[in-house]
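Chain residues, written in single-letter form:
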Amino acid sequence: MALVFNKLGYYILLVLSAASAVGSFIIGVVAGGAKGAAQHWWLVAGSVLVLAGIAVSAIEKVRDGRSVKAAEDVAIQAQTELTATLNGALAPITSYLGKISASPRAMRKAEVGQLRQACVNSAVQLTHEKARSAYYELVGSDLNRVCYSGRAESPREKFSAGTSDGDYLLNLVQAKDLVFVEDIASNPLVTPTTSGYKTVIAVSVTAGDEVLGLLTVDAPDIGDLTNVHVQLVRVLANLLGSGINQA
């Protein structure tokens, strides 16, 4: 009976994982053609599915790596903790997105400022306890830091064209791309001006065809950030871009 239950659980997880991937892709396509508040909520729905897929993947790994009974206990506990963390991290963001959509345009800048701060706060909350996150706004040929969260030491204020790392990140933003540097010592284009981190994620923030800026997360040690964190930061960048676009 236990064997049947475990096989059933495995197939349920497999179906959920596939459904999350397909659903998030379809919603992403729909969101690309939506406007205003509708785009907000399509993006939120897609983000929830992406995060659900991450959660399912994590549970699958736990089940595979432990004995059946222990895996079930650990998976339930991990799912509970992950759900609470995601709810706590995403609730302020979805709240601000709703306020932005409902507010008169003249009042939206203040809400967008709160949204930006909520996104960098969530980037820290969803990655590593010693992480640091910053949002840089694209202004001309500069990326100017607007807000940050995490470790006490403030990140760089600006990346400018004409410098190796500035050109690298500006090209990344214009290409609407992302980068995950697991070890900054292996990438000559990453030249920190502040000490205290060895790994970094940088994701361009866009809204449709409009390029807005860059969302970054760094952490002290190699291995503190993973590919799962890359997906989480990308979700936050998409939500942030949607909100900024409405200001």
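Our subject is the structure listed above.
Residues numbered from 1 in each chain as written. Predicted model: local features only at pLDDT ≥ 70, side-chain atom pairs only at ≥ 80, totals over all residues. Heavy atoms only, no water.

Student: What's the story with the nonpolar core in this structure? I'm lost.
Tutor: Nonpolar side chains tend to gather and get buried jointly when the protein is soluble and globular. Membership of the largest hydrophobic core comes to 36 residues, with the highest contact counts inside it found for Ile-93, Leu-115, Tyr-135 and Leu-215. By residue number, the principal contributor to this core is helix α6 (residues 227-245), which donates nine residues. Counting residues in each nonpolar core, the second largest holds 18 residues, with Ala-134, Phe-159, Leu-169 and Leu-172 among its members. (Core = buried A, V, L, I, M, F, W, Y, C linked by side-chain atoms within 4.5 Å. Buried < 20%, exposed > 50% of the residue type's maximum accessible area, 1.4 Å probe, protein only. Helix = DSSP H or I, 4+ residues; strand = E, 2+ residues; numbered from the N terminus.)

Student: Mind showing me how you'd approach the packing of aromatic side chains here?
Tutor: Aromatic ring pairs are reported here in terms of the distance separating the ring centres and the angle at which the planes meet. Per the stated rule, a full pass over the model turns up one aromatic pair. Pairing Tyr-136 with Phe-159 gives two aromatic rings, centres 5.2 Å apart and planes at 65°, and the pair type is edge-to-face. On the criterion of sequence distance, the pair formed by Tyr-136 in strand β1 (residues 132-139) and Phe-159 in strand β3 (residues 158-160) is long-range, its members being 23 residues apart. Both residues of the pair, Tyr-136 and Phe-159, count as buried. (Phe/Tyr/Trp six-rings, centres within 6.5 Å; stacked < 30°, edge-to-face > 60°.)

Student: Any chance you could explain unusual backbone geometry here in plain terms?
Tutor: The phi torsion of most residues other than glycine is negative, and most of the peptide bonds are trans. One non-glycine residue, Lys-176, adopts positive backbone phi at about 55°. Residue classification places Lys-176 among the partly exposed positions, given a relative accessible area of 36%.

Student: Mind showing me how you'd approach empty space enclosed by the protein here?
Tutor: If a probe the size of a water molecule is rolled over the atoms, the empty space left behind becomes visible. In this structure the tally under the stated criterion is one cavity of 30 Å³ or more. Around the largest cavity, the lining is made up of 23 residues, and of these Phe-159, Leu-169, Val-190, Tyr-197 and Val-200 lie nearest the centre. Every element with two or more residues in the lining of the largest cavity is listed here: β1, α5 (164-174), β4 (178-181), β5 (199-207) and β6 (210-219). No other element matches the four residues that β1 contributes to the lining of the largest cavity. Split by residue class, the lining of the largest cavity holds 14 nonpolar, five polar and four charged. (1 Å grid on protein atoms, 1.4 Å probe; cavity = no way out; pocket = protein on both sides within 12 Å on 5 of 7 lines; lining within 4 Å. Points joined across faces, edges and corners; volume = space filled by probe spheres on them. Nonpolar A, V, L, I, M, F, W, Y, C, P; charged D, E, K, R; others polar.)

Student: What is the right way to look at the pattern of salt bridges in this model?
Tutor: Pairing of side chains with opposite charge becomes possible as their charged atoms draw close. Under the definition given, this model contains five salt bridges. Linking Asp-218 and Arg-151 is a salt bridge whose minimum nitrogen-to-oxygen distance equals 2.7 Å. With Asp-218 in strand β6 and Arg-151 in the loop between β2 (142-150) and β3, the pair connects residues that are 67 residues apart, well separated along the chain. Grouping residues by exposure puts Asp-218 and Arg-151 together as buried. (Salt bridge = Lys/Arg side-chain N within 4 Å of Asp/Glu carboxyl O.)

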